[in-house]
Amino acid sequence: MAVIHKTTMQPTKLELLTEWLPTRAWHTGGEARPARVGGFRLDDPAGEVGIEFMVVTDGEGDEATAYLVPLTYRGEPLDGAEHALVGTSEHGVLGTRWIYDGTHDPVLAAQLHALLTGRAQAQAQSLTDAPDLTVAVSPVPADGTAAAELVRVTDGPDHTDVVVRTADAAAPLTLRVRRVLGAGTDLAPGDGGGVTAEWRLPDGTAVRGVFAVAGTGTGS
């Protein structure tokens, strides 16, 4: 169970994202001024890695774009993931945290697979031990109970494909994480499963759309 500490981070997550977002192929361009508008968390069974699916908007009014930014928080560097480092921050309770683009983190990949196969529960973004019941999952069949291993990650123009495999699966599975979110979107008939969740528009209106999909509809 992840414990949410009411404390400070220096620099803040949004300050780090202000520098990082414009470096992404799926960012619409220009200077970033991200505002957090939604998301949820997943628990790391080992209790070591923080996992957050953060939604930020960037832009003004009707021109604002909503981005999904999965992040992981670690107490030490993740070997071989220097390219995925968003930055480091000093946490008021936990000390230095290494913050990564979570699509490249094997712990997030395993837990996203667990969510999509009905073996994990989405948690509230800012509360400890509080399931987020607004997150809806259309599950895909699970091949056994083995944890998924990260195979590879590929960025697209508006998504990131996270390919995972379990020891007892016949073939890898692609989990497509939507980077640019669309309000009102839903799972397509060809999608084997997926996750939909909520965020807020700049005017405060709550909307929901697809965060991630798995199966033939991903183009995997």
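Refer to the preceding data block for the structure.
Residues numbered from 1 in each chain as written. Predicted model: local features only at pLDDT ≥ 70, side-chain atom pairs only at ≥ 80, totals over all residues. Heavy atoms only, no water.

Draft legend 1. Looking closely at the overall build of the protein. Across its full length, the protein holds 2 helices and 12 strands. Mapped in sequence order, the helices and strands of the protein form the string β-α-β-β-β-β-β-α-β-β-β-β-β-β. By the compact-globule yardstick of 17 Å for 220 residues, the protein fits well, its C-alpha radius of gyration being 16 Å. C-alpha atoms of the protein, sized along the principal axes, occupy 45 × 40 × 30 Å. By residue count, 47% of the 220 residues in the protein fall in the buried class. Put simply, 54% of the contacts in the protein that link residues at least 6 apart link residues at least 24 apart. Of the roughly 10,300 Å² of accessible surface on the protein, 50% is carried by carbon and sulfur atoms. Of note, the protein has its 16 positive side-chain charges centred 1 Å away from the centre of its 29 negative side-chain charges. (Helix = DSSP H or I, 4+ residues; strand = E, 2+ residues; numbered from the N terminus. Rg over C-alpha atoms; globule rule 2.2 N^0.38 Å. Buried < 20%, exposed > 50% of the residue type's maximum accessible area, 1.4 Å probe, protein only. Contact = heavy atoms within 4.5 Å. Areas by Shrake-Rupley, 256 points an atom, 1.4 Å probe, with all protein chains shown as cover. Lys, Arg positive; Asp, Glu negative; His and termini not counted. Charge placed at Lys NZ, Arg CZ, Asp CG, Glu CD.)

Draft legend 2. Main features of the nonpolar core. If you look at the biggest cluster of nonpolar residues, it comprises 30 residues, and the most contacted ones within it are Phe40, Phe53, Val55, Trp199 and Phe211. Among the elements of the structure, strand E2 (35-42), strand E3 (50-58), strand E4 (65-74), helix H2 (106-116), strand E9 (159-165), strand E10 (173-178), strand E11 (193-200) and strand E12 (206-214) are those that each provide at least two residues to this core. Membership of the second largest hydrophobic core comes to 15 residues, among which are Leu16, Tyr67, Leu71 and Tyr73. (Core = buried A, V, L, I, M, F, W, Y, C linked by side-chain atoms within 4.5 Å.)

Draft legend 3. Geometry of the pairing of E3. In terms of residue burial, E3 counts as a mostly covered element, since 9 of its 9 residues are buried. Residues Gly50, Glu52, Met54, Val56 and Asp58 of E3 are buried on one face, and the alternating residues Ile51, Phe53, Val55 and Thr57, pointing to the opposite face, are buried as well. Where E2 lies against E3, 7 bridges are found, and the strand directions are antiparallel. Across the sheet, residue Arg41 finds its bridge partner in E3, namely Glu52. Across 9 bridges, E3 lies against E4 in antiparallel orientation. Note that in E4 the partner of Val55 across the bridge is Leu68. Linking two consecutive strands that pair antiparallel, namely E3 and E4, is a turn of 6 residues; a positive phi of about 120° is found at Gly59 within it. (Pairing = 2+ DSSP bridges.)

Draft legend 4. Region of the structure containing H2. Burial of H2 is extensive: 10 of the 11 residues sit out of reach of the surface. Among all positions in H2, only Val107, Leu108, Ala109, Ala110, Gln111, Leu112, His113, Ala114, Leu115 and Leu116 are buried. Looking at where H2 begins, the residue whose side-chain oxygen comes 2.9 Å from the main-chain nitrogen of Val107 is Asp105. Phi for Gly118, located one or two positions after H2, is positive at around 75°. (Polar contact = N/O pair within 3.5 Å; in protein donor to acceptor, adjacent residues only side chain to side chain.)

Draft legend 5. Focus on the side chain of Arg74. Within the element layout of this structure, Arg74 appears in strand E4. The residues contacting Arg74, other than those within four sequence positions of it, are Val49, Thr96, Arg97, Trp98, Tyr100, Asp105 and Val107.

Draft legend 6. Quick peek at the packing of aromatic side chains. All told, the structure shown has 5 aromatic pairs when counted by the stated rule. Measuring from ring centre to ring centre gives 6.0 Å for Trp20 and Trp26, while their planes differ by 65°; the resulting arrangement is edge-to-face. Like Trp20, the residue Trp26 is buried in the burial classification. With centroids separated by 5.8 Å and ring planes inclined at 45°, the aromatic side chains of Trp26 and Tyr67 adopt a geometry described as tilted. Residue Trp26 is located in the loop between helix H1 (13-20) and E2, and its partner Tyr67 is located in strand E4; the two are separated by 41 residues in the primary sequence. For the pair Trp26 and Tyr67, one class covers both residues: buried. (Phe/Tyr/Trp six-rings, centres within 6.5 Å; stacked < 30°, edge-to-face > 60°.)

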